[in-house]
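The primary structure of each chain is shown beneath.
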Amino acid sequence: MKLIRKIIHIDEELCNGCGQCILACAEGTLKLVDGKAKVISDNLCDGLGACLGECPTGALTIEQREAEEFDETAVEKRLAEIQREKPEQKSDTMPCGCPSTQIMDFGARKADRPPVEMDIEPLSESELTHWPVKIRLVPSNAPFLKNADVLILADCVPAAYSDLHKNLIKGRAVMMGCPKFDDAQQYIDKIEKICRHGGIKRLTSVIMDVPCCTGLHSIVRKGREASGVNIPLEEIIIDRRGRITEKRVIS
């Protein structure tokens, strides 16, 4: 039955597809379609606007219009559907046998590496001390996380920030991912596990100064909060010229 009621409106011109509103919607009302957030069915939206505060561009507002009545039964079906769509993960490691899932600690053996003859000017030595680095591939109980200072990078940061190894990676365990194209909830769950069981001493999340990147800071905060462990957190923003434009400590 249709009636005049409050419901979410999304301005597609303002929406950048960051997906933050989707994380905030407990009813599963919203979905990214062609890079834009969409209300997939009016009867799934309660019109309370819990998602509004998560939108970095102001694309979401509440409007009053004719819409299908909010249906809690439909919401339950939608949430069950979302759960079925998630890839089954019985453990943190992936079953594909990909070499990228093999844990490696090579920090202590840097001096043993033979030099490679190259016709280009040699670069500074890498400060990376472990493998893997993708958030999805790093097990929450990886030995390199124990008592570590953990650096969580948006995928684009290494392309922009030339001093990454010297200023950020050195002395830290590294994890990387894309908040726009990867599974945000899976990242939140992984970070929660790492904070709860990994014994880490500090978190630093680094993003680019583009709207679709802001989701990573929120993902790290949500995972940390869900763990219930009070781990110091610093957030850093890099501009597209490779300069640090903002640093802040989150209490």
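Residues numbered from 1 in each chain as written. Predicted model: local features only at pLDDT ≥ 70, side-chain atom pairs only at ≥ 80, totals over all residues. Heavy atoms only, no water.

Student: Explain the nonpolar core to me, please; I cannot follow it from the model alone.
Tutor: The nonpolar side chains of soluble globular proteins are, as a tendency, buried together. Judged by nonpolar contacts, the single largest core of 44 residues is most densely connected at Leu-145, Val-150, Ile-152, Val-157 and Leu-203. Residue assignment for this core shows that the elements contributing at least two residues are β7 (149-154), α4 (164-169), β8 (173-177), α5 (184-197), β9 (202-208), α6 (215-227) and β10 (233-238). If you tally residues by element for this core, the top one is α5, at 6 residues. Those residues within four positions of Val-150 in sequence are excluded, and the remaining contacts are Leu-145, Ala-173, Met-175, Ile-200, Arg-202, Leu-203 and Thr-204. Formed by 15 residues, the second largest nonpolar core is a distinct cluster that contains Ile-10, Ala-37, Cys-45 and Leu-60. (Core = buried A, V, L, I, M, F, W, Y, C linked by side-chain atoms within 4.5 Å. Buried < 20%, exposed > 50% of the residue type's maximum accessible area, 1.4 Å probe, protein only. Helix = DSSP H or I, 4+ residues; strand = E, 2+ residues; numbered from the N terminus. Contact = heavy atoms within 4.5 Å.)

Student: Hey, could you run me through α5 in this one?
Tutor: Owing to its 3.6 residues per turn, the α-helix brings residues three or four apart onto one side. With 14 residues, α5 should cover 20 Å at 1.5 Å per step; its first-to-last C-alpha distance of 20 Å lies within 8% of that length. Buried-residue contacts for α5 involve α1 (20-24), β7, β8, β9 and α6. Downstream of α5 by a residue or two, Gly-199 has a phi angle that is positive, lying close to 70 degrees. (Expected span 1.5 Å × (residues − 1).)

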